Amino acid sequence: MNCLSPSILAADFTDLGRQIALVEQAGAQYLHCDVMDGWFVPNISFGMPVLESVRKKTNLMMDVHLMVEDPARYIPDVADCGADIITVHAEACRDLNHAVDLIKERDLLAGVALNPATPISQLTYILPRIDMALIMTVNPGLGGQALVPYTLDKVRDLKEIIQSRGLKTDIEVDGGINFKTLERALGAGANVIVAGSAVFHGDIEENTKRMLEIMK
Ligand code: DX5
Ligand code: ZN
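The sections below set out a description of the structure shown in this document. (Residues numbered from 1 in each chain as written. Chains lettered and ligands numbered in written order. Predicted model: local features only at pLDDT ≥ 70, side-chain atom pairs only at ≥ 80, totals over all residues. Heavy atoms only, no water.)

1. Points about the coordination of the zinc ion (ligand 2)
For a metal with four tetrahedral donors the ideal donor-metal-donor angle is 109.5 degrees, while six octahedral donors give ideal angles of 90 or 180 degrees. Here the zinc ion (ligand 2) is held by His 32 (NE2), Asp 34 (OD), His 65 (ND1) and Asp 174 (OD), and the distances to it run 2.0 to 2.3 Å. Around the zinc ion (ligand 2), the six donor atoms are arranged such that angles at the metal cover 68 to 170°; this shape is classified as octahedral. When the donors of the zinc ion (ligand 2) are listed by position in the chain, the intervening gaps give H-x1-D-x30-H-x108-D. In this pair, Asp 34 sits in strand S2 (residues 30-36) while His 65 sits in strand S3 (residues 61-67), placing the two residues 31 residues apart along the sequence. You can call His 65 buried: its relative accessible area is 0%. (Donors = N, O, S within 2.8 Å, 3.2 Å for Na, K, Ca; no water. Tetrahedral: all angles 85-135°; square planar, octahedral: opposite > 155°, others 65-115°. Helix = DSSP H or I, 4+ residues; strand = E, 2+ residues; numbered from the N terminus. Buried < 20%, exposed > 50% of the residue type's maximum accessible area, 1.4 Å probe, protein only.)

2. Concerning the environment of Cys 3
Checked against the element boundaries, Cys 3 lands in strand S1 (residues 3-6). With a relative accessible area of 6%, Cys 3 lands in the buried category. Along the chain, Cys 3 and Val 192 lie 189 residues apart, while their C-alpha atoms are 4.8 Å from each other. Sequence-distant contacts of Cys 3, defined by excluding residues within four places in its chain, comprise Gln 29, Tyr 30, Asn 191, Val 192, Ile 193 and Met 215. (Contact = heavy atoms within 4.5 Å.)

3. Here's the deal with the site of ligand 1
As a structural note, the neighbourhood of ligand 1 is formed by 19 residues, with Asp 34, Gly 141, Asp 174, Gly 196 and Ser 197 the closest of them. Ser 7 is positioned such that a nitrogen or oxygen atom in its side chain is 2.8 Å from an oxygen atom of ligand 1. Within the backbone of Gly 141, an N or O atom sits 2.6 Å from an oxygen atom of ligand 1. When ligand 1 sits alone it has 380 Å² of accessible area, and the protein chains cover 99% of it. When contributions to the shell around ligand 1 are tallied by element, the ones reaching two or more residues are S2, S3 and strand S8 (192-195). Along the lines of polarity and charge, the residues of the shell around ligand 1 split into seven nonpolar, ten polar and two charged. (Near = heavy atom within 4 Å. Polar contact = N/O pair within 3.5 Å; in protein donor to acceptor, adjacent residues only side chain to side chain. Areas by Shrake-Rupley, 256 points an atom, 1.4 Å probe, with all protein chains shown as cover. Nonpolar A, V, L, I, M, F, W, Y, C, P; charged D, E, K, R; others polar.)

4. Details of the pairing of S3
Most of S3 sits out of view: six of its seven residues are buried. In terms of handedness, the path from S2 via helix H2 (residues 48-57) over to S3 forms a crossover that is right-handed. In the sheet, S3 pairs with strand S4 (residues 85-89) via four bridges, with the strands oriented parallel. Residue Val 64 lies in a different strand from S4, and its bridge partner there is Ile 86. (Right-handed = clockwise from strand over helix to strand, strands pointing away. Pairing = 2+ DSSP bridges.)

5. Brief notes about the packing of helix H1 (residues 16-25) against H2
Here H1 crosses H2 at 50°, and the two axes come no closer than 10 Å. The pairing of H1 with H2 is recorded here as oblique in orientation. Along this stretch, H1 crosses H2, giving a crossing that reads as right-handed. Residue-level contacts link Leu 16, Gly 17, Ile 20 and Glu 24 of H1 to Val 50, Val 54 and Lys 57 of H2. Within the contact of H1 with H2, the residues separate by chemical class into four nonpolar, one polar and two charged. (Axes fitted to C-alpha atoms, helices over the stretch in contact; angles between N-to-C directions. Parallel < 35°, antiparallel > 145°, perpendicular 65-115°, else oblique. Left-handed = near helix turned anticlockwise from the far one by under 90°.)

See below:
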């Protein structure tokens, strides 16, 4: 199933509850929450207090993308905040298998993210254990960037591997997805679509509906 995961990084934080309600009413299935630590990526975004508040405002699947160094340290707290999906970066984990254990212990969906230049071979052995692979389609840490074209080749290759191994792993794409690039991302095999600026800049309801229509 295709799911839209609007990224609140592009929302107006003083109006966050209302803007989340708009994407929910318009039919989005997930809500993408980017946690950044100023170390794994240059920027700092938000952490537990925001996740907790967001949880109270929505029934959407809370899709938490941890762009933090050694994310295992925070998995229990993120789970306590009510996350449904927790995604960690392969590049940021000291022990990726253990990080996945921690997510699974809480009965949550586990995702592993790869930066643009990280080869998909990093997922070879962990793939059957995870629910979602997040292929970063821009450099992590900033909204509003242009999609790096070769990352869609990674999506295509990964999709083929998932199918040939008889797995059902979701492929999420994150960064630079807009009305121009969405179809290419879907065509490459992505089924969970993160969109920040394309959803939250302009008419939020209209943008959400338009994206969902293309994803049908
Ligand atoms: C970037 C974040 C993204 C970001 C996407 O590091 O992981 O989720 O919000 O923003 P857009 O859709 O504007 O590229
Ligand atoms: Zn993200």
